[in-house]
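Here is how the chains run, residue by residue.
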Amino acid sequence: MRMNGGRSSHDALSAPRENFFGNGDDMRKLVIGILAHVDAGKTTLSEAMLYLSGSIRSLGRVDHQDAFLDTESLERERGITIFSKQARFDLPDLQVTLLDTPGHVDFSAEMERTLQVLDCAVLVISGSDGVQGHTETLWGLLRRHHIPTFLFINKMDLAGADRAALLAQLRDRLSDGCVDFSAPRDDVFWESAATCGESALNAYLETGTVPEGELKEMIARRKLFPCWFGSALKLEGVEELLDGLNRYAPSPVYGEQFGARVYKIDRDSQGGRLTYLKITGGCLRVKDPVSGVAGEEEWTEKVNEIRLYSGSKYQTADQAQAGTVCAVTGLTRTRPGQGLGAEGAGEEPVLEPVLSYRMLLPAGCDPHTVLPKLMELEEEDPQLHLVWNEAVGELHLQLMGDIQLEVLSRLIQERFGLEVTFGQGSIVYRETIAGPVVGIGHFEPLRHYAEVHLLLEPGEPGSGIQLASACSTDWLELNWQRLILTHLAERAHPGVLTGSPITDLRITLIAGRAHKKHTEGGDFRQATYRAVRQGLMQAESVLLEPWYDFRLELPGECVGRAMTDIQTMGGTVQPPRLEGENSVLEGGGPVSGLRGYWREVSAYTRGRGRLTCQVSGYRPCADQEKVVCALGYDPERDVDNPPDSVFCAHGGGFLVPWYQVPEFAHVDNGLDQKGVPEEKRPAAPAGGSMSRPGPSLEQDKELQAIFERTYGKVERKAFEPVKKPARTSLDEGKYTIRSQYTGPEYLLVDGYNIIFAWEELARLAREDVESARGALIDLMVNYKGAWGGELILVFDAYKVKGNPGSIEKVNGIYVVYTKEAETADSYIEKTTYDLSRNHRVRVATSDGLEQMIILGHGALRVPARAFQAEVEQAQGRISQFLAEHNRRGRERDSLQYTAKIGRHK
């Protein structure tokens, strides 16, 4: 293969290039990532691809410290890639942006962030080492992000590299779709490729080959994985790889609307902030405004400059088309993984640090002065999780391993001039729960109100935090429900065993309440946090510790010692197997035992052993009680994460301990507070909400007691002076009800509350609210005819500007549309108070707060479900009446017809 219009690779070395950034905005753009386990030759392959494509004039080497993409002094000294870099080159049909990613496991977070902008990837595997544990991790990440993948098996020039054995290993440990594309195009090749897809197999059976378009389609759908074997250092197999990328790489399709994905934050040599992103739609121009969201706040900033980097050099551009990877200046609030414009939110990272270190600042250094500088590092690597503990005056951060710790120390010294050290690292634990529990949070200081009920259930290992809502809009409007879910997702909630973040939980919003006047967004944040905390305090918590998957190569005589060590630390190990002269052990074990074990391996194998570890996830801690006791965390003394709730009575707030909160709660969620049986768990319906029946009439005593406990005793003096003492209890033994009603019975119906509580009307309202309103009016007219009292149907119109309100009589019932700034609730409350003096009044609604208020006015409440049953019974009586009336009419007509015939005769 010859690149650059027919020039040979030697010509590319000597011929000048006018622009190593490429020129050809009309060419198809492709973003390719290079991934590998450490020392597989990834950077060497990147160098060879740039050299053979003519982008660089000389072939650099990692060991010579002159590789084109190793631009940092730290990378040149250590001979490893630490920061992701980009380079640009052209193929005959493609304009390629190559992203070189770190291969060392300590810098996996940098690699994972880059995956979000790739169109395809080249996975490099060492021919002498084969598939490693980190290789399988990379493969899983590529599968998760649905990235088409090409494989290059490097270092095939070394002794012991067996192509057939390596291909079999790839098919066994990665995918059956791995096919040797460097092999001749014979029957063996076509048969291997055809078995990767049904249509390809049909084509092969008909023609003996597979069309190139079909191969390309299978690669794009991750059914076929082309493999090339060679040596990047000797430029063997690299031209064939470039030709394969040119022929088989996918063709991304971009929309016309602007969108971009941020994958990296960095600083230039002058300290200017750079946002690296890929344009995923439309076009980005200099001075264009770009909007995003930081927390709950929206921001808009202008792009000052667009830079197209290749290695350490760049050129500026006036605009960047879809498919372009660039760095922009002027954006100060972007973050890695963020979507801009039409691009949605990115996926949460899979790889997380498992070690926490205390940073020790130089003597006399003010941490409050240093902290803003260090926050720059967290902007660039969010996985650092920089935390300042004000109470003890300590600064902590989380890392993947010792190599990252050394690099970070050097980076802080070079950038900020600080000689920092680190304390002994500790394990980053997680917490989960063993069984389901309901957590309740209530926040009601004076002139504030929010209550939240959450169902916490254990999730699958590795599932993280999953959020859902099964709360009826009868209880809580959708905007409040979305806000609660936002508060659940906006932070890592600490557990109650060690204060470690919780994970592997399903959290479902099952009930809640807001106040029409006093609720603000911050109220639900407090109630949500307290609900999570209160639930965890009741639950049986489980401490989780991180585990490594390991691969240990060592002499055969050391296998027994190694297996004993692994079992002693609580790990698991598979039976040993021979690979050449050494034995190989594979298994898993806790990070607490394996983190420093490489030193012991080096000692007892006299330097002949090699241990590689990869984070595999979290498992229950084998010695939970000992760890919890050693950390000494007291959840009830954690003032930043209180489990207690705040209630209000007699004009002031008071604190209720977490174990008493269910007794004070204003909402009955219908679930057991201490344990939720399987049959009682709410099933989330389509649409994310669930209609829940309101409290029954038999619960009036309990509701009355809550009302009195929260707001004081119900006394008539609060509303109008009467001579008779007010009743303060519903206990029949303490009062008698006198016959005081002189007029007809009244029924007030909260129109929209009933519409969205009744399934048929709610379904109709989703299509046409006016039709649902008309249907409810017809139902109420029929019900009134069967019932006989006075019926007032009230609809909200408080958002209609300038609306004076209206009352009209429709076929015997009163239909009320409230005026501007007046809700149906307030109208019903006022009318109930006026009517209940001389009339028996009922109110049909499922608004729990409104039920409490009308109960205090002396009216009776009818939950929406109970009212629906009454209406259906009335409809049945009407149907029976009409059927009987029609039957008698037909009989009467028949008799009249018979008599008429008789007279005629």
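Computed from a predicted model, the values in this text were never measured in an experiment.

Criteria and thresholds
- Residues numbered from 1 in each chain as written.
- Predicted model: local features only at pLDDT ≥ 70, side-chain atom pairs only at ≥ 80, totals over all residues.
- Heavy atoms only, no water.
- Buried < 20%, exposed > 50% of the residue type's maximum accessible area, 1.4 Å probe, protein only.
- Helix = DSSP H or I, 4+ residues; strand = E, 2+ residues; numbered from the N terminus.
- Arc of directions from axis to C-beta.
- Contact = heavy atoms within 4.5 Å.
- Pairing = 2+ DSSP bridges.
- Axes fitted to C-alpha atoms, helices over the stretch in contact; angles between N-to-C directions.
- pLDDT = per-residue confidence, 0-100.
- Phe/Tyr/Trp six-rings, centres within 6.5 Å; stacked < 30°, edge-to-face > 60°.
- Lys NZ or Arg CZ within 6 Å of the ring centre and 35° of its normal.
- Core = buried A, V, L, I, M, F, W, Y, C linked by side-chain atoms within 4.5 Å.
- Salt bridge = Lys/Arg side-chain N within 4 Å of Asp/Glu carboxyl O.
- Nonpolar A, V, L, I, M, F, W, Y, C, P; charged D, E, K, R; others polar.

Regarding helix H17 (residues 597–604)
Next up, step 1: Taken together, the buried positions of H17 are Tyr597, Val601 and Tyr604. Take H17 and look down its axis: the buried residues cluster within an arc of 80°, on one side only.
Next up, step 2: Check the buried side of H17 and you find it contacts strand E28 (541–554), helix H15 (559–568), helix H16 (591–594) and strand E32 (610–620).
Next up, step 3: Where H17 ends, the next residue or the one after it, arginine 606, has phi of about 55°, a positive value.

Observations concerning the pairing of strand E13 (residues 305–310)
Next up, step 1: For E13, the tally of buried residues reaches 5 of 6 residues, placing the bulk of the element in the interior.
Next up, step 2: Judged from the 3 bridges that link them, E13 and strand E16 (residues 325–329) form a sheet pairing that is antiparallel. For glutamate 305, the partnering residue across the bridge sits in E16 and is threonine 329.
Next up, step 3: In this structure, E13 lies alongside strand E14 (residues 313–317), joined through 5 bridges in antiparallel fashion. Bridging from a neighbouring strand, leucine 308 pairs with glutamine 315 of E14.
Next up, step 4: In textbook terms, the turn of a hairpin is the stretch between consecutive antiparallel strands, and for E13 and E14 this stretch comprises 2 residues, one of which, glycine 311, has a positive phi near 70°.

Focus on the sheet that holds strand E17 (residues 339–341)
Next up, step 1: If you trace the 6 strands from one edge of the open sheet to the other, you get E14-E13-E16-E9-E8-E17, paired in antiparallel fashion. The open sheet has two free edges, formed respectively by E14 and E17, since each of these has just one partner strand. For this sheet, the mean angle separating the axes of adjacent strands, direction not counted, is 40°.
Next up, step 2: The strands touched by helix H11 (residues 367–380) within the sheet are strand E8 (259–267) and strand E9 (273–281), with E8 carrying the most contacts at an inclination of about 140°.

A short note on the pairing of strand E34 (residues 652–656)
Next up, step 1: As defined by bridge partners, strand E33 (residues 645–649) adjoins E34 across 5 bridges and the pair is classed as antiparallel. When the bridges of E34 are listed, alanine 649 appears paired with glycine 652.
Next up, step 2: Between E33 and E34, which follow one another and run antiparallel, lie 2 residues, and histidine 650 among them has a positive phi close to 55°.

Regarding the environment of threonine 605
Next up, step 1: The residue threonine 605 is located in the loop between H17 and E32 in this model.
Next up, step 2: On the basis of relative accessible area, threonine 605 is assigned to the buried category, the value being 0%.
Next up, step 3: Between the C-alpha atoms of threonine 605 and glutamate 553, which are 52 residues apart in sequence, the distance is 9.9 Å.
Next up, step 4: When sequence neighbours within four positions are dropped, the list of residues in contact with threonine 605 reads Leu554, Pro555 and Cys558.

Things to note about the confidence of the model for the chain
Close reading of the predicted structure is inappropriate where its pLDDT is low.
Next up, step 1: When pLDDT is averaged along the chain, the result is 80; 82% of the residues meet or exceed 70.
Next up, step 2: Counting contacts from residues 1–24, a segment whose pLDDT is below 50, to residues more than four positions away or on other chains yields 55 contacts.
Next up, step 3: For the stretch residues 716–740, pLDDT sits under 50, and the model shows 29 contacts to residues farther than four places along the chain or on other chains.

A word on the packing of aromatic side chains
Next up, step 1: Taken as a whole and judged by the stated rule, the model has 20 aromatic pairs.
Next up, step 2: Arranged with centres 5.1 Å apart and planes meeting at 35°, the rings of tryptophan 480 and phenylalanine 524 form a pair that is tilted. Taken together, the residues span a long stretch of sequence, with tryptophan 480 in helix H13 (residues 478–489) and phenylalanine 524 in helix H14 (residues 521–538) at a distance of 44 residues.
Next up, step 3: Aromatic rings pair up to connect Phe150, Phe181, Phe189, Trp190, Trp228 and Tyr248 into one cluster.
Next up, step 4: The ring of tyrosine 276 carries lysine 264 above its face, with NZ or CZ at 4.9 Å from the centroid.

Some details on the nonpolar core
Next up, step 1: Formed by 48 residues in total, the largest nonpolar core has its most connected members in Leu374, Ile412, Leu552 and Tyr597.
Next up, step 2: Tallying contributions element by element places E28 first for this core, with 7 residues.
Next up, step 3: Excluding its chain neighbours within four sequence positions, the residues that come into contact with tyrosine 597 are Leu552, Ala562, Asp565, Ile566, Met569, Tyr604 and Leu611.
Next up, step 4: Residues Leu30, Tyr51, Phe89 and Trp228 belong to the second largest nonpolar core, which totals 46 residues.

Quick look at the pattern of salt bridges
Next up, step 1: Scanning all chains against the criterion turns up 37 salt bridges.
Next up, step 2: Here lysine 234 ties to aspartate 157 by a salt bridge, and the two come within 3.5 Å at their closest N and O atoms. Highlighted residues: lysine 234 in the loop between strand E7 (225–229) and helix H10 (238–248) and aspartate 157 in the loop between strand E5 (149–154) and helix H6 (163–173), separated in sequence by 77 residues.
Next up, step 3: Judged by its relative accessible area of 32%, aspartate 157 is partly exposed.
Next up, step 4: A salt bridge links arginine 561 to glutamate 600, with the nearest nitrogen and oxygen atoms 3.6 Å apart. Remark: glutamate 600 occurs in helix H17 and arginine 561 occurs in helix H15; sequence separation between them is 39 residues.
Next up, step 5: By relative accessible area, glutamate 600 is classed as partly exposed at 40%.
Next up, step 6: Taken together, the shared-partner salt bridges connect Asp129, Arg551, Glu553, Arg577, Glu586 and Arg610 into one network.

So, the packing of helix H7 (residues 187–194) against helix H8 (residues 198–207)
Next up, step 1: Taken N-terminus to C-terminus, the directions of H7 and H8 make an angle of 150°; their axes are 8 Å apart at the nearest point. Residues Asp187, Trp190, Glu191 and Ala194 of H7 form the contact with H8, whose own contacting residues are Ala200, Leu201 and Tyr204.
Next up, step 2: Classifying every residue of the contact of H7 with H8 gives 5 nonpolar, no polar and 2 charged.

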